[in-house]
Amino acid sequence: MSAAIAARAQAPLSAIVRQAFKGLRQSTRIVEGIEALPSAGPSQRPDWGRIARGRLGAASVYFPFMATFLSWPLVSSYVLDGHMGQF
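Note that the structure is a prediction, hence the values are computed from the model and not measured. (Residues numbered from 1 in each chain as written. Predicted model: local features only at pLDDT ≥ 70, side-chain atom pairs only at ≥ 80, totals over all residues. Heavy atoms only, no water.)

Q: Help me get a handle on the packing of aromatic side chains, residues and values and all.
A: Taken as a whole and assessed by the stated rule, the structure comprises two aromatic pairs. With a centroid separation of 5.1 Å and 80° between ring planes, the pair formed by Y62 and F63 is classed as edge-to-face. Overall, Y62 belongs to the partly exposed group, its relative accessible area being 46%. On the numbers, 6.2 Å between centres and 10° between planes, the contact of F65 with F69 is stacked. With F65 and F69 both in helix 2 (residues 48-79) and four residues apart, this pair spans about one turn of that helix. Since its relative accessible area comes to 48%, F69 is described here as partly exposed. (Phe/Tyr/Trp six-rings, centres within 6.5 Å; stacked < 30°, edge-to-face > 60°. Buried < 20%, exposed > 50% of the residue type's maximum accessible area, 1.4 Å probe, protein only. Helix = DSSP H or I, 4+ residues; strand = E, 2+ residues; numbered from the N terminus.)

Put into structure tokens, the structure is as follows:
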């Protein structure tokens with residue numbers, strides 16, 4: 001196979017790989033965000049009360065929802081125990 005034919009055979013694949021890496025680079029840039037400028041004053045202490053309220057608020061919604069969502073097979077087995085053909 002000549003070098004020109006080999007280069008043409010790899011061109012579509014390399015374009016796909018190039019686009020995949022470009023998307024990966026862009027996604028990491030989005031996650032990194034903009035670098036913070038150095039602070040002119042002293043750093044502030046963390047507000048643990050605000051952080052705890054936010055986490056507990058999310059947990060108060062997440063865990064009951066997941067318990068309900070994951071327990072429906074168990075609940076339905078008790079409700080339909082021996083009555084599968086009647087409903």
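Q: Let's hear about the pattern of salt bridges: which residues, and what values?
A: Inspection of the entire model under this criterion finds one salt bridge. Between D47 and R50 there is a salt bridge; the shortest N-O distance is 3.7 Å. By relative accessible area, which is 52% here, R50 ends up exposed. (Salt bridge = Lys/Arg side-chain N within 4 Å of Asp/Glu carboxyl O.)

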